[in-house]
Every structure is written in structure tokens, then in C-alpha cells.
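# Architecture and fold: a report
The residues making up each chain are set out below.
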Amino acid sequence: MKDVNKKIEDNKTEMLASLSKLISIPSVVSDAKGNMPFGEAVHEAYLCMMEMAEKEGFDTFNANNYGGHIDFTGTEDGIVGIVGHLDVVPEGSGWDFEPYGGEIIDGNICGRGTTDDKGPVIASFYAMKALKECGYEPKKTIRLILGLDEETNWHGMRYYLEHVGDKPDIGFTPDGDFPAIHGEKGILVFDIVKKFNHGSAKGLELSSVKGGTAANSVADYCRAVLHDGTGNGYARVKELVAEYRLEKACKINCKGIGKSFEITIHGISAHGAKPEQGLNAITMMMEFLGRLNFASEDTNDFINFYNEHIGYMLNGEEMGCGFSDEPSGKLVFNVGMAEFDKKTAKLTVNVRYPVTMNDAAVYEGAMTVLDKYDLGIVKGKHEPPIYVAEDEPLVSTLMEIYRKHTGDTDSKPLVIGGGTYARAVEHTIAFGARFPEDPDVMHQKNEYISIDNMMKLTRIYAEAIYKLAEMDVD
């Protein structure tokens, strides 16, 4: 690999310029336009990569602009897949530099997509280019697959896989963490629902609750509207709000609107796979509402259910599904959204369950609790877990390469709660691109990748491609 690494160094300036050009394209998925199913910007980024590949003499395949691949054709059967994506999440606000500038600042190349996933895609491409320029003739075909809507719905990847024909028999996606991700927990999204029977009791009434914006996020805001026909309840609620604010050191406010009053609470957002990094505003609201006495016993019972069986417990401990296993640890239980009115309540839940479990076990466990409260479940999204044992050749080979290039012999293969394209393309696992010592800036403002890491990535991916292309797979 000595000659290949030298070639990577020779191509450094060109590689950084290519990444900068790709970053300059704001490839956030937008409405379809003509023959561009994910919008003009995503299409422009896609064409940029395909033109780059054709210029270098690689073969290409285009699945009607839903996705495609770049092939370094092998001498025998078999395909090594490198599965990346060119779309990015919206830039948001608060950046200290231009989100789509691709500038080099203090040894870093900066902008949206540098780590997720344009930087790793470019590193993979220049690894292929260096191998080709050194005269390497791969045994298996090396295929860089270009996804175009990974950050949204994966429609493009599904379309591509339906139209491509032969698929990889081994490979990796450069869209996660090092040292290697050999398992991804199962993902469930479902609603817990309740119909209220308010009866004729008079007094404090919960008119509505609304919190959160996505199932896979920790809710950072929740709003409740209460009504008191007597007009006497506002002063007491306002007093309890002040007590809660002082006790929890949180942002909670109350204001009157005629005989109704609005309560708002702000939490801290985080990814639904790591709810411990946030503070759920829905949970805070339910905790606060539990200090009130509503005229409807159905309302009180539902609030009590939440506080006793969900609350701040993030692993389903009191929900009948507090499962764990040795490879992946504990189940993760996150309430991402809540929506109540006078007649119904709905909690949208995002569960990440251990790799040795299945969705049926989660639902069966949860129903043992929900049945006691006359609550129902409406099933939604399900992504089964994936898992490759540590001693499998794919994992052990990639781990060996990582350790060789980093000197890190302590880190172990990971199981994560998130989802990568390894779920879509069989026989692949996530391999990088974030190193353990680096901050996680994916989806954050001021996203960047250091030039040193770009070079290291390219060397690691070049050797990984080489080893997998020569590997015999049963």
C-alpha cells in the first residue's frame, strides 16, 4: 500500500478542491422537478460526482436519477460496495462560517456535508482513484454507490436497488463511527392512544397538549391549554408554575386567555437514539400536569400512567419492554411527540430495541402495561435490527485495518441505535468516518472535517477496499 498512500498524498490538493466543490452545492432534498426526483441541488451534486467518475475512466450506472454507482471493474465475479450519500440536512443557523463555502480554515475544510457524508464519499472515491492510478486490477468490482435521500425517506436507495441487478456481496458505508459499527438496533415508531370519557364533572379541564416535531427527536417544546369554568383556577396554576420553575430551573411559563390559560415548557433537543443527551419537554409537561387535579378521571389516569411508566425512564423499564442484551445494551424508549384534545390523546414513541430481540417482543411487553389503562397502540414504522458478529471476516478485517492506521487497540466494534444504509444494502456495515476522539458535528452548525482526517480516511478506505476486493466470501 506504500505506492497507493503516496498517490493519495499526490492527489491531496485535487481531492480537497473536489470536496470543496461538492460542499458548495446545497444538496438538501426538495420537491421533485422534471427528471430530478429530489430537486435541483441534489441532482447537481449527483451529476458532479458522476462527471468526476467518468473523467477518471470509471464505469457508471444511473437509476433514472434516483441514485447510481461508480464502478472500478474487477477481473472476477463479486462486488465490494461502498455505500454513501450526497444529500445533506438543512444548514440551520448560527454558523461561524459559510455553510456551503467549503473553505479551509485552520487546517479544516468547513461546511455542511463535510462529515455527513460528502467528505467520506470523496475520500472513498479518491481511494479508488489512487488504487487505479497505481495499476491495481481488483479481483472483485469495487462499487461506490451514491444515495440521494438518506437524510429523508430512502426512496432513492430502494429504487436504485430494485433496478441495479447485481448487488454487493460485501462492503461498508462510510457514514457512522469508527472503529466499526457491527450492529444497529431495531427501530420502532408507534402511537399510544387513548379516548377520553369526560362525563359531566365540572372543574379544571385539559383542553389540549402539543409537543415535539419528530418521533426520532427529543421534544424541546410543549404547550398545554387548560380551562377552568369557575374562573378560580388560574392563580393556583400560576403559583404551581412558579414553584416548578424554581425547583427544576427550567423555562416554564403560564399566561391567561379568558377562562383558559396556556402553559409552555422548553426542553433540550437530542437525537431519539440518545435521549439522555436531551431533556424531554413532553415529560416535563406531564410531570407538571401531574401536580394538578383535573375534573376528568380519564385525564388524571392518563397523566399518572405517563409519569409512572414513562417519565424520565429512557429504557422502557416500567413499560414492560426494558430489554437488553450483551451486544447492544439496553432498549431506548423516547416519546418524540404528543397531541391531546378533549376527546383523545396520542403519544408518538420511538423505540430502539436490542439486536437479539424482535418487534413482537416489544409490543407484547408494552401491552401488558397498556391494557391495564385501556390504552391502545397504532403501529407505524419498523426497521429490523442488523448484526454481524465480531469474529466475522468483514468485521475483523475492517477492525484490523482501523487499528493499523490509528494505533487504537482499545476500541471495540459498536452497536448503535441509529440507522445507516447498512440496513438497506445487505452484507455491509458502517465503517467510519468519525474517529472516537473527534466531536460529533454531524447535523450541527459549524460542521467540518480536518484535512489530516481526510487524508487518514482515504488511506484507511483504500486499504479496506483492497482487502475486501481480494477476500474470498462464501
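See the structure above.
Residues numbered from 1 in each chain as written. Predicted model: local features only at pLDDT ≥ 70, side-chain atom pairs only at ≥ 80, totals over all residues. Heavy atoms only, no water.

### Describing the sheet that holds strand β14 (residues 260-266)
- Read from one edge to the other, the open sheet built from eight strands follows the order β13-β14-β12-β11-β17-β18-β10-β19, with strand pairing classed as antiparallel. The outermost strands of the open sheet, each flanked by one partner alone, are β13 (251-257) and β19 (376-383). Averaged over neighbouring strand pairs, the angle between their axes works out to 25 degrees when direction is ignored.
- As judged from the seven bridges shared by β13 and β14, these two strands associate in the antiparallel manner. For K255, the partnering residue across the bridge sits in β14 and is E262.
- Running over the sheet, helix α6 (residues 234-248) touches β13 and β14 and is turned about 170 degrees from β13. (Pairing = 2+ DSSP bridges. Helix = DSSP H or I, 4+ residues; strand = E, 2+ residues; numbered from the N terminus. Axes fitted to C-alpha atoms, helices over the stretch in contact; angles between N-to-C directions. Contact = heavy atoms within 4.5 Å.)

### Digging into the packing of helix α2 (residues 12-23) against helix α4 (residues 118-133)
- It is at 10 Å that the axes of α2 and α4 come closest, and there the two elements cross at 145 degrees. The two elements α2 and α4 cross, and the hand of that crossing is right-handed. On α4, the residues touching E14, M15, S18, L19, L22 and I23 of α2 are K118, G119, I122, A123, Y126 and K129. (Left-handed = near helix turned anticlockwise from the far one by under 90°.)

### Some words on the layout of surface pockets
- Here the largest pocket defines a volume of roughly 1600 Å³.
- The wall of the largest pocket is formed by 47 residues, among which E151, N216, H271, G418 and H443 lie closest to the centre.
- Those elements that provide at least two residues to the lining of the largest pocket are β8 (176-177), β10 (186-195), β18 (344-353), β19 and β21 (414-416).
- Counting residues per element, the lining of the largest pocket draws most heavily on β21, at three residues.
- Across the lining of the largest pocket, the residue classes tally to 16 nonpolar, 16 polar and 15 charged. (1 Å grid on protein atoms, 1.4 Å probe; cavity = no way out; pocket = protein on both sides within 12 Å on 5 of 7 lines; lining within 4 Å. Points joined across faces, edges and corners; volume = space filled by probe spheres on them. Nonpolar A, V, L, I, M, F, W, Y, C, P; charged D, E, K, R; others polar.)

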